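Architecture at a glance
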Amino acid sequence: MRHPLEKFIRIEAIAIVGGLFIGILAWITGWMLLLFFACYLFVLSMLADALILLHTRRSSDAVKQVIRAVLLFLFITSLYFY
């Protein structure tokens, strides 16, 4: 029997590992677009963590994580346009 939150845990893990590898690749090649994509993957992992926290009845921690993810998303997006 699978864990009920397995898909959120997988999304979080894949986003973290993908962000790490794409971030290293962006650092080596110097492509800023890959760096932004890596940061957006980290935001996705934060949102997946917030969903996990929300389903485990830790709503206050989930709200904090969503606020962090939204602020990071806005900061990264604003850097892209400047």
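Please refer to the structure placed before this passage.
Notes on the structure follow. (Residues numbered from 1 in each chain as written. Predicted model: local features only at pLDDT ≥ 70, side-chain atom pairs only at ≥ 80, totals over all residues. Heavy atoms only, no water.)

Here we take up the packing of helix 1 (residues 6-29) against helix 2 (residues 32-55). The angle between the axes and the distance between the axes are what describe a pair of packed helices. In the contact formed by helix 1 and helix 2, the axes pass within 8 Å of each other and the chain directions differ by 165°. It follows that helix 1 is roughly antiparallel to helix 2 by the angle criterion. Viewed along their axes, helix 1 and helix 2 form a crossing whose handedness is left-handed. Across the contact of helix 1 with helix 2, the residue classes break down as 19 nonpolar, six polar and two charged. (Axes fitted to C-alpha atoms, helices over the stretch in contact; angles between N-to-C directions. Helix = DSSP H or I, 4+ residues; strand = E, 2+ residues; numbered from the N terminus. Parallel < 35°, antiparallel > 145°, perpendicular 65-115°, else oblique. Left-handed = near helix turned anticlockwise from the far one by under 90°. Nonpolar A, V, L, I, M, F, W, Y, C, P; charged D, E, K, R; others polar.)

The next point concerns the pattern of salt bridges. A complete count under the given rule lists three salt bridges for this structure. Across the pair Asp-61 and Lys-64 runs a salt bridge, and its minimum N-O distance is 3.7 Å. You can see Asp-61 and its partner Lys-64 sitting in helix 3 (residues 59-81), three residues apart, about one turn around the helix. We classify Asp-61 as partly exposed; its relative accessible area is 24%. Relative accessible area serves as the criterion here: at 45%, Lys-64 is assigned to the partly exposed category. Taken together, the shared-partner salt bridges in this structure form one network comprising Arg-58, Asp-61 and Lys-64. (Salt bridge = Lys/Arg side-chain N within 4 Å of Asp/Glu carboxyl O. Buried < 20%, exposed > 50% of the residue type's maximum accessible area, 1.4 Å probe, protein only.)

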